[in-house]
Amino acid sequence: MSRERRCTFAHVDLPALQSNYRAVAEFLAAQTGVEGGGKKVPGIISVVKANAYGHGAPAVARALQDAGAKVLACADIEEAIVLRNAGVTAEILVFGALSVSDVAGVFDYSLTPTISTPGAGRSLQAAAAARGFRLRCHLKIDTGMNRLGLRFDNLERTIPEIVASKNIEVDAVYTHFATADDPELPLFHEQRERFERVLAQLPRLGVNPKLRHAANSAATLRDSRVWYDLVRPGLMIYGVVPPPLASTIPLKPVMSLRSRVVAVKGVRPGETVGYGALWTADRPSRVAVVPAGYADGLDRRMAGTCPVLIRGRRARIVGAVSMDMITVDVTDMHVEPGDEVVMIGVQGDERIDVREISSAIATNPYEVLCRIGTRIERIY
Ligand SMILES: *Cc1c(COP(=O)(O)O)cnc(C)c1O
């Protein structure tokens, strides 16, 4: 079947993804060997929520599975079903609060749900009992994020009902850090200490989980004390270190975003370009038109702040980011229609990475990746 392909597309480098997965596994093994004194090497829960951070969850999940990933994690049941329908057989942990009305998917698709509220425990117990099934769950403890999870300081009240739920087996206990990427804030350590106290308290309340986990990418990089039995990297697997942290793990960016120049336009001094007349040429100028805009996930704040790569050089986005187009100042360059444009990725000796874009527009790399639009074809 032949069809037209838009010239703006995202390239997703699955070998790079697999290499990142292995690099994280090797890092954990090496560090556990060095400082762990014979401690068990933690396993990895690969986080593929939000369509695998915009990379395309089915292909990413299958590639991770082929690289040896044993457990994947999604935000909700619906995301997990997409993976099962794509042939993913690895264990899938569902992080989110379960929509209380419909937990059937947990059973029909063999998912591992999280109990993060007493209500979720009740609906899972009822649904498991109705099926005569003993359901393995992870229990989420809120140690300071104050979002989902049973409060760390109220477990005497909330745990007994879960322990009494005959059809529920608590396989693992976990928490989630609010500030793992900010070494300045004390909350990370407070959360770790609260989680430690909870782990010590749980056996007295009748919970003896086989597994404990806590660390997202930033916490994995920062503190081996929170590795426990499993770590839960997301961003790192996609080759991006959460800012402002640095890492020696050899990670490779997985996503690149590319397009082509569709027109080059001469602009006279004093003339403006684009909606809102935001940019005025101060000399005879040439502007390249690139068919990618905010409908493709480019942020309007990229205008004037972010470069793109053309002919191996950086060129500035000028004028407004439109829905379907950007305009780039190429006055000092020899640029022609058809030339490749790189918005994220490498061209020649130059690179624009997701961290550079997110810092230029004052957001985080997660948002830049997740917003890459549904109109953009992912090519693997
Ligand atoms: C998203 C998420 C992660 C992964 O976070 P990264 O910063 O991408 O590594 C881990 N755990 C939970 C509960 C999450 O929601």
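Reading guide: rules and limits
- Residues numbered from 1 in each chain as written.
- Predicted model: local features only at pLDDT ≥ 70, side-chain atom pairs only at ≥ 80, totals over all residues.
- Heavy atoms only, no water.
- Domains from an automatic or database assignment.
- Contact = heavy atoms within 4.5 Å.
- Buried area = accessible area lost by both parts, 1.4 Å probe.
- Salt bridge = Lys/Arg side-chain N within 4 Å of Asp/Glu carboxyl O.
- Polar contact = N/O pair within 3.5 Å; in protein donor to acceptor, adjacent residues only side chain to side chain.
- Nonpolar A, V, L, I, M, F, W, Y, C, P; charged D, E, K, R; others polar.
- Helix = DSSP H or I, 4+ residues; strand = E, 2+ residues; numbered from the N terminus.
- Buried < 20%, exposed > 50% of the residue type's maximum accessible area, 1.4 Å probe, protein only.

K.L.:
Talk me through the domain arrangement of the protein; I want residue IDs and the actual numbers.
P.N.:
In terms of domains, the protein is made up of domain 1 (14–238) and domain 2 (255–379). Spacing between the C-alpha centres of domain 1 and domain 2 amounts to 38 Å. Listed per partner, the contact involves five residues of domain 1 and six residues of domain 2. Here domain 1 packs against domain 2, burying approximately 650 Å² in sum over the two surfaces, 70% of which is carbon and sulfur. Summed over the three residues of domain 1 that lose the most area to domain 2, namely Tyr53, His55 and Leu235, the buried surface amounts to 64% of that side. Counting across the interface, domain 1 meets domain 2 through zero salt bridges. Across the contact surface, domain 1 and domain 2 share one residue pair in polar contact (both at pLDDT 80 or more). For the side of domain 1 that touches domain 2, the residue count by class is three nonpolar, two polar and no charged.

K.L.:
How would you sum up the environment of Gln125? Please name residues and give values.
P.N.:
Mapping Gln125 onto the fold places it in helix α6 (residues 118–130). Residue classification places Gln125 among the buried residues on the basis of a relative accessible area of 17%. Separated by 62 residues in the primary sequence, Gln125 and Leu187 place their C-alpha atoms 33 Å from one another.

K.L.:
Pulling in residues and values, what's your account of the pattern of salt bridges?
P.N.:
Counted by the stated rule, this structure contains 22 salt bridges. In this structure, the salt-bridge partner of Asp153 is Arg151, at a minimum N-O distance of 2.7 Å. On the basis of relative accessible area, Asp153 is assigned to the partly exposed category, the value being 42%. Its salt-bridge partner being Arg371, residue Asp299 comes within 3.1 Å of it at the nearest N-O pair. Of the two residues, Asp299 sits in the loop between β15 (285–290) and β16 (307–310) while Arg371 sits in the loop between α11 (365–370) and β21 (377–379), which places them 72 residues apart along the sequence. Through salt bridges with shared partners, one network takes in Glu91, Arg134, Arg136, Glu169, Asp171 and Lys210.

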